[in-house]
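Each chain is listed here by its residues.
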Amino acid sequence: MSNDLKKEFWDRMEDIRSGMLGADNARSVPMSHFVDDDTPNTLWFITAKDTDISKAAGTGADAEYIVSSKDEHLYGRIHGRITVSHDDEQLDDIWNAFAAAWFDGDKNDPDVQLLRMDLKEAEVWVTEGNLKFLYEIAKANVTDKKPDAGQHGTIMF
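One structure accompanies this document, and this report is about it.

Rules behind the numbers
Residues numbered from 1 in each chain as written. Predicted model: local features only at pLDDT ≥ 70, side-chain atom pairs only at ≥ 80, totals over all residues. Heavy atoms only, no water. Helix = DSSP H or I, 4+ residues; strand = E, 2+ residues; numbered from the N terminus. Buried < 20%, exposed > 50% of the residue type's maximum accessible area, 1.4 Å probe, protein only. Contact = heavy atoms within 4.5 Å. Areas by Shrake-Rupley, 256 points an atom, 1.4 Å probe, with all protein chains shown as cover. Phe/Tyr/Trp six-rings, centres within 6.5 Å; stacked < 30°, edge-to-face > 60°. 1 Å grid on protein atoms, 1.4 Å probe; cavity = no way out; pocket = protein on both sides within 12 Å on 5 of 7 lines; lining within 4 Å. Points joined across faces, edges and corners; volume = space filled by probe spheres on them. Nonpolar A, V, L, I, M, F, W, Y, C, P; charged D, E, K, R; others polar.

What follows concerns the overall build of the protein. Tallying secondary structure elements over the protein gives 5 helices and 8 strands in all. Sequence-ordered secondary structure for the protein, helices as α and strands as β, is α-β-β-β-β-α-β-β-α-α-β-α-β. Taken across its 157 residues, the protein has 40% of its residues classed as buried. At a minimum sequence separation of 6, the contacts of the protein that also span at least 24 residues come to 69%. Of the accessible surface of the protein, which amounts to about 9200 Å², a share of 49% is contributed by carbon and sulfur atoms.

Here it is, written out as structure tokens:
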């Protein structure tokens, strides 16, 4: 189940656009993540250099990223280590109009900071969608069985 759950996790994370990222000495804030197949078990973020999350990453911090997507039917608590990255090629690959909207200049704006989160583990819940869930709730109310809400488990990276 673990490999299937890990595959489902990555497939769905590619379609989720945001979550809440927090780290040691940095409160959780909404952030957009980027998945790159060339850097497995890693999430990328673009932020400003003066943010608390960027400052925490500057010292290499334990971080937690929470995702919740009813459209992708994935809910997760992702734990890892966040650091500052100076990988200009990676920044080129993930830079987009959404990131550009937060900065006065382009990706060369001196305030742009690329962050790398190397994942350690994730506790995830993967569901099949609203109709199946509603069916399971109805079935549980007329039987003694608990509803099958999908897969739940911890993934190690």
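Once that is clear, we can look at the packing of aromatic side chains. Within the structure shown, the criterion is met by 5 aromatic pairs. Measuring from ring centre to ring centre gives 5.8 Å for F9 and F157, while their planes differ by 50°; the resulting arrangement is tilted. Remark: F157 occurs in the segment after β8 (151-156) and F9 occurs in helix α1 (residues 2-13); sequence separation between them is 148 residues. Taken together, the ring pairs connect F9, W10 and F157 into an aromatic cluster.

Glancing now at the layout of surface pockets. Space inside the largest pocket adds up to approximately 560 Å³. Considering the residues around the largest pocket, the lining is formed by 20 residues, among which P30, M31, S32, I46 and W102 are closest to the centre. Listed by contribution, the elements that provide at least two residues to the lining of the largest pocket are β2 (26-31), β4 (42-48), α2 (52-58) and α4 (97-100). Top contributing element to the lining of the largest pocket by residue count: β2, with 4 residues. Taken together, the residues of the lining of the largest pocket sort by class into 11 nonpolar, 6 polar and 3 charged. Surrounding the second largest pocket, 13 residues form its lining, K49, H86, D88, L91 and V112 being those nearest its centre. Those elements that provide at least two residues to the lining of the second largest pocket are α3 (88-94) and β7 (112-126). No other element matches the 3 residues that β7 contributes to the lining of the second largest pocket.

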